[in-house]
Amino acid sequence: MVQHLTVARVAEGLGGAWNTANDAVLAEGKRVLIDDATRFDGVKVIGVDEHVWRHTRRGDKYVTVIIDLTAIREGTGSARLLDTIEGRSKQAFKTWLADRDEAWRDAVEVVAMDGFTGFKTAAAEELPDAVAVMDPFHVVRLAGDALDRCRRRVQLAIHGHRGFKDDALYKSLRTLHTGAGLLTDKQKAGSQPCSPTTPTSRSRPLGASTSG
C-alpha cells in the first residue's frame, strides 16, 4: 500500500509497532481496493493463477489470484489486481465468477491462465463466450520442458547415459533455457553442442529417441 514496502519497513519509517502498521495497511487496503465499487469496471481480459502464500509441513496454502489484463492488451497501462480468493480449485474460481453480475461476465472476452483444467472448466461454464488462452509464462515453461526432454533423449541416444558434467549437451542446459537476446558471448560461442559438423550428431539426427 505504501510504494510496495513491507509492513516492517512501514513500521520502521513511522516509528511504530509492526502490529499497528499492519492494522493500518489492512484497513487502507480494504478502503482503497476491496471497497472500491468501480474496480470491476471496464474489464475485458482477465488472468487467473494460483499463488502459494504459506508453506507448511502439512502442505502449501494456496490462493487464487485474478488480474485485470485489459490495459495490457490495449497498450494503455499495466496489469491490475482484481481479487485474491482462498484456495486453488475449479469451485473457488467458478464461485468468484458466479458472484459477478451477468453484464460483467458477458463483457469478458479473454481469460488467460495456466494449464490447470479446473480454471479452464470454470471459465467455460461461467464465461462461455470468452476465449481461454494460456499465459505467456506458462507457454514458455512448457516449451522449455519439451526442449529439455528432447535434450535428454538425444543425450541418451548419443552417449548411452544420462548427462555428465563434461557432456556438451548437459553443459548447454542453462543456455537452452535462455532467450537469445540474453545470451553472453561465451554462451553464444558454445550454443551448438550438436551442430551438423559434429561427428556424433551425424550418427543420429537431433531429436531422435530410444524406444520407450
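Here the structure is shown first, and the text comes after it.
Summary of the structure given here. (Residues numbered from 1 in each chain as written. Predicted model: local features only at pLDDT ≥ 70, side-chain atom pairs only at ≥ 80, totals over all residues. Heavy atoms only, no water.)

## Thoughts on the packing of aromatic side chains
Now for step 1: Counted under the stated rule, the structure contains 5 aromatic pairs.
Now for step 2: Measuring from centroid to centroid gives 4.8 Å for phenylalanine 116 and phenylalanine 119, while their planes differ by 85 degrees, and the two rings are edge-to-face.
Now for step 3: Assessed through its relative accessible area of 0%, phenylalanine 119 is described here as buried.
Now for step 4: Pairwise contacts between aromatic rings join Phe40, Trp96 and Trp104 into one cluster.
Now for step 5: When the ring centre of phenylalanine 116 is taken as reference, the NZ or CZ atom of arginine 88 above it lies at 4.1 Å.
Now for step 6: The aromatic ring of tryptophan 96 is capped on one face by arginine 100, whose charged end is 4.6 Å from the ring centroid. (Phe/Tyr/Trp six-rings, centres within 6.5 Å; stacked < 30°, edge-to-face > 60°. Buried < 20%, exposed > 50% of the residue type's maximum accessible area, 1.4 Å probe, protein only. Lys NZ or Arg CZ within 6 Å of the ring centre and 35° of its normal.)

## Some remarks on helix α1 (residues 7–14)
Now for step 1: Among the residues of α1, those classed as buried are Val7, Val10 and Ala11. When α1 is viewed along its axis, its buried side chains cluster within an angular range of 100 degrees and face the same direction. Turned more than 90 degrees away from the buried face of α1 sit Arg9, Glu12 and Gly13, all of them exposed.
Now for step 2: Here the buried face of α1 lies against α2 (18–34). (Helix = DSSP H or I, 4+ residues; strand = E, 2+ residues; numbered from the N terminus. Arc of directions from axis to C-beta. Contact = heavy atoms within 4.5 Å.)

## Regarding a nonpolar patch on the surface
Now for step 1: Among the surface-exposed residues, Val32, Leu33 and Ile34 lie close enough to one another that they form a single nonpolar patch of about 240 Å² accessible area.
Now for step 2: Checked against the element boundaries, valine 32 lands in helix α2. (Patch = residues over 30% accessible without salt bridge, like charges linked within 9 Å, V, L, I, M, F, W, Y side chains within 5 Å. Areas by Shrake-Rupley, 256 points an atom, 1.4 Å probe, with all protein chains shown as cover. Salt bridge = Lys/Arg side-chain N within 4 Å of Asp/Glu carboxyl O.)

## With respect to the environment of tryptophan 18
Now for step 1: Turning to its location among the elements, tryptophan 18 is positioned in helix α2.
Now for step 2: With relative accessibility at 44%, the residue tryptophan 18 sits in the partly exposed group.
Now for step 3: As a C-alpha pair, tryptophan 18 and valine 7 span 11 residues in sequence and 6.7 Å in three-dimensional space.

## Some points on the nonpolar core
Now for step 1: If you look at the biggest cluster of nonpolar residues, it comprises 20 residues, and the most contacted ones within it are Ile46, Ile66, Leu82, Phe93, Trp96, Trp104 and Val111.
Now for step 2: At the level of elements, β1 (45–54), β3 (80–86), α4 (90–99), β4 (110–113) and α6 (117–126) are the ones that each hand at least two residues to this core.
Now for step 3: With 4 residues, α4 is the single largest residue contributor to this core.
Now for step 4: If near-sequence neighbours (up to four positions away) are discounted, isoleucine 46 is found in contact with Ile66, Ile67, Leu69, Leu82, Phe93, Leu97, Trp104, Val108, Val110, Val111, Ala112 and Leu127. (Core = buried A, V, L, I, M, F, W, Y, C linked by side-chain atoms within 4.5 Å.)

## Re the pattern of salt bridges
Should the charged atoms of two oppositely charged side chains come close, the side chains can pair.
Now for step 1: Evaluated as defined, the whole model comprises 11 salt bridges.
Now for step 2: Salt-bridge contacts for arginine 80 lead to aspartate 68; the nearest nitrogen and oxygen are separated by 2.8 Å. Taken together, the residues arginine 80 in strand β3 and aspartate 68 in strand β2 (residues 61–68) connect sequence positions 12 residues apart.
Now for step 3: Between glutamate 126 and lysine 94 there is a salt bridge, with its nearest N and O atoms 2.7 Å apart. Taken as a pair, glutamate 126 in helix α6 and lysine 94 in helix α4 lie far apart in primary sequence, 32 residues in all. There is no split in this pair, since glutamate 126 and lysine 94 are both buried.

Just geometry here; none of it tells us what the structure is for.
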